[in-house]
Amino acid sequence: MKDLKYLTAYLVPIICFLGIYNAGVWLYLTPLVVFGLVPLLELWMPSLKTNLDEEQRESKLKNKFFDVLLWLNVPIVFGVLIYGFYTYTNSAFQTYEVIGLIFSLGIVAGSNGINVAHELGHRQETWERFLGKLLLLPSLYMHFYIEHNYGHHLKAATPDDPASARYNENLYAFWARSVSTQYTSAWSIQQRLNKAAGRSWFAIKSDMFWYTVIQLSYILAIGFYFSWATAGLALAVAVVGFSLLEIINYLEHYGLRRQQKKSGRYEVVREVHSWNSNHALGRILLYELTRHSDHHFRASKKYQVLDYHDVSPQLPYGYPTMMVIATIPPLWFSIVNKHVPQEMVELQTAV
């Protein structure tokens, strides 16, 4: 019965649906719950540091319930998005309602879309990785699959990684750098893969080429089927969706740095190179993404069996709370900088 706690992750699209159905100020219900109520609840909810024993681990790995929970996000996310687009097209929304709708749908695209896509993107089954790529589509971030798997996991916590925030780098500077550089990095990785396989830039097996075609087709389809104003709304929703990912990227490796050896290579990624949070509610809502150090230590490990490591740097609050704090740089620096290991600070501030 304890495993049913992960059903809580479906509350975000359900709340979004209710907000769209009732319209008006209800369209702000999703952001208020996710970035208002959840952080408040996290302040008094427990931080759970226990790990599974071997028998529990084997049981959870064999239980398809955990996989089905992820797969169901595909129809749920696209169902909520289509309902939102349909309602917007056939309603006379006021400006404040449009803003609320954009943020509500964007949160769904980020939390139940990109977050689940990240988990599925590491799976061994081709069709599960396909579902992951599909969930990246509403945020127009399909290139994340290539950059994350072939770039970030190799370069995390180094100055070469676009998705690793530097010490004293504020969220907004990081956002601009990460969004632009991850995209160009994905193209560079794709060209390297094409060259190794003897393929041209626009080859039929070039993923980045097809991601571009699919994403353009997605926006055009919304424009033709609903309206061009709705297509513009979809673009705004995508920005909110991938911005939530970038805020989480900011949290996950902020100020952490791997030691560079004399050979020029960096030390192996260890548990100390990612921030963790054991706050119960954030763990559940984000499918254990907050146990991020173990994910980087063993990228193929499924979310339900990720472990807590004592040596991993711990964020003082849960991910949802820290996401809010990150939007206020002076507050972020005052809270988080004192938790960054001193030796890693020195690696980045040495002249």
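Analysis parameters
- The numbers attached to residues start from 1 for each chain and follow its sequence in the written order.
- Local features in this predicted model are restricted to residues of pLDDT 70 or higher, and side-chain atom pairs are both shown and tallied only at a pLDDT of 80 or more, whereas totals for entire chains, interfaces and linings draw on every residue.
- To obtain the side-chain values, all non-hydrogen atoms of the structure were used and water was disregarded.
- The rule is short: rings of Phe, Tyr and Trp, with Trp giving its six-membered ring, pair when the centres are within 6.5 Å, and they are stacked under 30 degrees, edge-to-face over 60, tilted in between.
- Put simply, DSSP marks the helices as runs of H or I at least four residues long and the strands as runs of E at least two long, and each gets a number from the N terminus on.
- To sort residues, take the accessible area from a 1.4 Å probe on protein chains only and compare it with the maximum for the residue type: under 20% means buried, over 50% means exposed, and anything in between is partly exposed.
- Note on geometry: a ring has a charge over it if NZ (lysine) or CZ (arginine) is within 6 Å of the ring centre and within 35 degrees of the ring normal.
- UniProt positions are given in the numbering used here, feature names are shortened, and annotations may be inferred rather than shown by experiment.
- One speaks of a salt bridge when a side-chain nitrogen belonging to Lys or Arg is within 4 Å of a carboxyl oxygen belonging to Asp or Glu.
- Contacts are assigned to residue pairs that have any heavy atoms within 4.5 Å of one another.
- Given a residue, its bend is the angle between the two axes fitted to the seven residues that end at it and to the seven that start from it.

Draft legend 1. Inspection of the packing of aromatic side chains at higher detail. Evaluated as defined, the whole model comprises 22 aromatic pairs. Plain terms: the ring middles of phenylalanine 66 and tyrosine 303 are 6.2 Å apart, the flat faces sit at 75 degrees to each other, and that makes the pair edge-to-face. Here phenylalanine 66 is found in helix α4 (residues 65-71), whereas its partner tyrosine 303 is found in the loop between α13 (292-297) and α14 (319-326), with 237 residues between them in sequence. Across this residue pair, the class does not change: phenylalanine 66 and tyrosine 303 are buried. Measuring from ring centre to ring centre gives 6.5 Å for tyrosine 183 and tryptophan 187, while their planes differ by 80 degrees; the resulting arrangement is edge-to-face. With a gap of four residues between them, tyrosine 183 and tryptophan 187 both fall in helix α9 (residues 171-196), about one helical turn apart. Here the aromatic cluster, defined as three or more aromatic residues joined through ring pairs, consists of Tyr167, Phe174, Tyr250, Tyr254, Trp332 and Phe333. Sitting over the ring of tyrosine 145, lysine 133 keeps its end group 4.5 Å from the ring centre.

Draft legend 2. Main features of the UniProt feature "transmembrane region" (unreviewed entry) in the protein. Residues given the UniProt feature "transmembrane region" (unreviewed entry) here are residues 7-23, 65-86, 208-226 and 232-251. Secondary structure content for residues 65-86 is 95% helix and 0% strand, and the end C-alpha separation is 32 Å.

Draft legend 3. The arrangement of the pattern of salt bridges in detail. What the rule picks out here adds up to 14 salt bridges. The closest approach of N and O atoms between lysine 302 and aspartate 67, which form a salt bridge, is 3.5 Å. Taken together, the residues lysine 302 in the loop between α13 and α14 and aspartate 67 in helix α4 connect sequence positions 235 residues apart. For aspartate 67, a relative accessible area of 2% puts it in the buried group. One salt bridge in this structure joins arginine 270 and glutamate 267, with 2.9 Å as the shortest N-O distance. A relative accessible area of 36% places arginine 270 in the partly exposed class.

Draft legend 4. Broad picture of the environment of proline 316. Relative to the helices and strands, proline 316 resides in the loop between α13 and α14. Classification of proline 316 by relative accessible area gives partly exposed; the value is 26%. Sequence-distant contacts of proline 316, that is, excluding residues within four places in its chain, are made with His279, Met322, Ile335 and His339.

Draft legend 5. Region of interest: helix α8 (residues 143-155). Taken as a whole, α8 carries its principal kink of about 35 degrees at asparagine 149. Looking at α8, one finds that the buried residues are His143, Phe144, Tyr145, Ile146, Glu147, His148, Gly151, His152 and His153. In this structure, the buried side of α8 is in contact with α6 (95-120), α7 (126-136), α9, α10 (207-225), α11 (228-253) and α13. Positive backbone phi, approximately 65 degrees, marks alanine 157, located one or two places after α8.

Draft legend 6. Region of interest: the side chain of histidine 143. Structurally, the position occupied by histidine 143 is in helix α8. With a relative accessible area of 5%, histidine 143 lands in the buried category. Here histidine 143 is in contact with Gln182, Tyr183, Ala186, Met208 and Tyr211, once residues within four sequence places are set aside.

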